[in-house]
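Structure assessment
What follows is the residue order along each chain.
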Amino acid sequence: GSSPWPYLITYVMLRFLASSGGLAAFRDAFWIPLMQYSDRSMLMLSFNHVLALSLSWHTKRKIGELLCILDRGSAINRLGELIGFTVVPALVDICVALVVFVVKFEPALGAVVGVVMGSHIWASVVLTRYRTSIWRLMNERDVNMRGIHTDCLLNYETVKYFGGEEYEAQRYTEAIEEYQSLEKRVVLSLNLLNLVQTLIITSGLLVGSLIVASRITRGQSNTSDFVVFITYYAQLYFSLSNLGGVYRVINQSLIDTEKLLHLLNEPTEV
């Protein structure tokens, strides 16, 4: 038979390139200048806009909430990196896996994988939209909570002069409780999303394994084909998980950026 060394060396090299120290390291190194330029542009845009706002606006603003908005607003700069380096490769992996299942095995297995993929994406979108509505409320409570303690510390003399320590402590406690209540719902909804996704993937693995095992018992496939199926299915699961995670991050980034966009829409006055 042919020598196994070329296949073994090729496999090891591909594993190295797929690791965090392979192509990902070169990708991050080349992406750093673009990421820094994007962050710098967004920070300077928001900073210059705030300075250009009128004195009347600055006298009414809450410095704590403003700092939180400016800090979170640059989250949108990560969208390009996520789409280019996560979404596109994940879609390519899914397409390759579907082609392998149809060509290597049979259309029925490709149909099963297609149903699993569609169900996984549908469940991710529906549950993530529900989580997004809660995340938006939690984000507002977080901005309010940070605004209270920052404003109190900056205006310590005023709080102390009017004896407002107890009142401000009560406000801060209520803000924390509201935030933690929403945070709990966000965590529980994430666990529900992970549970549903795992059930879908596991069901597809069960049905696909039965199809491949049936082909092996009929002599239509070898036992090595089962390893091929498991390997490509695991790659498909990894790609689908990446898509679900990226979809959540994109929604959260857009929510974090909403208040910054509102701030940038504030008209500048003399």
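Residues numbered from 1 in each chain as written. Predicted model: local features only at pLDDT ≥ 70, side-chain atom pairs only at ≥ 80, totals over all residues. Heavy atoms only, no water.

Observations regarding the overall build of the protein
In plain terms, the rule: A run of H or I in DSSP counts as a helix once it spans at least four residues, and a run of E counts as a strand once it spans at least two, with each numbered from the N terminus. We compute the radius of gyration over the C-alpha atoms and compare it with the globule rule, which gives 2.2 Å times the number of residues raised to the power 0.38. Working definition: with a 1.4 Å probe on protein chains only, accessible area under 20% of the residue-type maximum means buried, over 50% means exposed, and in between means partly exposed. Here, residues are in contact when the closest pair of their heavy atoms is within 4.5 Å. Each accessible area is a Shrake-Rupley estimate made with a 1.4 Å probe; only the visible protein chains count as cover when residues are assessed. Two residue types count as positive, namely Lys and Arg, and two as negative, namely Asp and Glu; His and chain ends fall outside the count. The atom standing in for a charge is NZ when the residue is Lys, CZ when it is Arg, CG when it is Asp and CD when it is Glu.
Along its length, the protein carries nine helices and zero strands. From first element to last, N terminus to C terminus, the protein shows the α and β order α-α-α-α-α-α-α-α-α. The globule rule puts the C-alpha radius of gyration for 270 residues at 18 Å, and the 26 Å found for the protein is more than 25% above it. Projected onto its principal axes, the C-alpha positions of the protein cover 90 × 40 × 30 Å. Taking all 270 residues of the protein together, the buried fraction comes to 34%. Sequence-distant contacts, at least 24 apart, represent 85% of the contacts inside the protein between residues at least 6 apart. When the accessible surface of the protein is totalled, it reaches about 16,700 Å², and 66% of it is carbon and sulfur. Averaged over its 22 positive side-chain charges, the protein has a centre that lies 8 Å from the centre of its 23 negative ones.

Here's the deal with the pattern of salt bridges
In plain terms, the rule: Any carboxyl oxygen of Asp or Glu within 4 Å of a side-chain nitrogen of Lys or Arg constitutes a salt bridge here.
For the structure on display, the rule yields seven salt bridges. Its salt-bridge partner being E140, residue R141 comes within 3.9 Å of it at the nearest N-O pair. Looking at R141, the relative accessible area reads 28%, which means it is partly exposed. When the shortest N-O distance is used, the salt bridge between D142 and R146 registers 3.1 Å. Of the two residues, D142 and R146 are both situated in helix α6 (residues 107-154); the distance of four residues between them amounts to about one turn of the helix. Classification of D142 by relative accessible area gives buried; the value is 2%. Connected through salt bridges with shared partners, the residues E140, R141 and E178 form a single ionic network.

Details of the UniProt feature "transmembrane region" (unreviewed entry) in the protein
Our working rule: UniProt positions are given in the numbering used here, feature names are shortened, and annotations may be inferred rather than shown by experiment.
Taking the numbering used here, the UniProt-annotated feature "transmembrane region" (unreviewed entry) corresponds to residues 12-34, 82-103, 109-128, 192-214 and 226-250. Along residues 82-103, the helical share is 100% and the strand share 0%, with 31 Å between the first and last C-alpha atoms.

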